[in-house]
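Descriptive analysis of the structure
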Amino acid sequence: MTKQVAIFASGSGSNAENIIKHFENNSNVNIKLVLCNKKDAFVLERAKKFGIPSVVFSKKQMEEGEILALLKKEQIDFVVLAGFLLKVPDEMVAAYPNRIVNIHPALLPNYGGKGMYGMKVHEAVVAAGERESGITIHFVNEFFDSGETIFQARCEVLPTDSPEDVATKVHALEYAHFPQVIESVLEKL
Ligand code: GAR
């Protein structure tokens, strides 16, 4: 049976687009919905370009269970967080055990937790003089950035690298690995 997937994103959505493209010709996986908590986010343009329906919602709507109800109504099997910055409510985690994955732009457990997202992560990595960073793809549990790790990949951080340089290296790892990791998790469902 085709797996129905929803992607949650809050910003540019370059990962969302990369995932959409990856599964375009895969009849086992249907990217059915893009959900976004920011009405001006560029991910909405990307979804439109690929003809994927999108839904904009508020933090309150998600906390009050409207989004979980929508996922159920749309018969969503699996959720991908691709640059999604709100905490997933406990009820949603409980309804989708090991069926929600997130990508974090650092090597968790380092540089994770509330407030650690996007460029803030890369700025912290550079400020600390780290010599490597990377990506972590993990299942989502009821705490920020602490569910079981599925996959990590690493990149070198040079002493001369700016946070933007690190972001470029980390994005490259995200584009190379996130769709494949999602595919292999979906194959085991
Ligand atoms: C990605 O680098 C992703 O790892 C990060 O936000 C970026 C979104 O980029 N996620 C987090 O920081 C979550 N804590 P995109 O919108 O272009 O895909």
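Look above for the structure.
Let me begin by describing the structure that accompanies this report. (Residues numbered from 1 in each chain as written. Predicted model: local features only at pLDDT ≥ 70, side-chain atom pairs only at ≥ 80, totals over all residues. Heavy atoms only, no water.)

Our focus in this paragraph is the sheet that holds strand β7 (residues 149-156). A sheet is described by the order of its strands in space; here seven strands give the open sequence β3-β2-β1-β4-β5-β6-β7, paired in mixed fashion. For this open sheet the edge positions go to β3 (54-56) and β7, each flanked by a neighbour on one side alone. Between one strand and the next, the sheet's axes are offset by a mean angle of 20 degrees, whatever the strand orientation. Those strands touched by helix α1 (residues 14-23) are β1 (3-9), β2 (29-36) and β4 (78-81), and its axis lies near 160 degrees from that of β2. (Pairing = 2+ DSSP bridges. Helix = DSSP H or I, 4+ residues; strand = E, 2+ residues; numbered from the N terminus. Axes fitted to C-alpha atoms, helices over the stretch in contact; angles between N-to-C directions. Contact = heavy atoms within 4.5 Å.)

With that out of the way, let us pick up the site of the ligand. Close to the ligand lie 13 residues, the nearest being Gly13, Ser14, Asn15, Gly118 and Glu174. Within the backbone of Met116, a nitrogen or oxygen atom sits 3.5 Å from a nitrogen atom of the ligand. Summarising the interface, the protein chains cover 90% of the accessible area of the ligand, which totals 450 Å² for the free molecule. Put simply, the parts of the chain that give the shell around the ligand at least two residues each are α1, β5 (100-104) and α7 (163-187). Tallied by class, the residues present in the shell around the ligand amount to four nonpolar, eight polar and one charged. (Near = heavy atom within 4 Å. Polar contact = N/O pair within 3.5 Å; in protein donor to acceptor, adjacent residues only side chain to side chain. Areas by Shrake-Rupley, 256 points an atom, 1.4 Å probe, with all protein chains shown as cover. Nonpolar A, V, L, I, M, F, W, Y, C, P; charged D, E, K, R; others polar.)

Turning to unusual backbone geometry, a few remarks are in order. For residues besides glycine, phi is generally negative; the peptide bonds are generally trans as well. Of the consecutive residues Leu108 and Pro109, the connecting peptide bond is found in the cis state with omega at 10 degrees. Positioned with a positive phi, Gln75 is a non-glycine residue whose angle comes to about 55 degrees. By secondary structure assignment, the location of Gln75 is in the loop between α4 (66-73) and β4. With a phi close to 55 degrees, Asn98 is a non-glycine residue in the positive phi region. In this structure, Asn98 sits in the loop between α5 (90-95) and β5.

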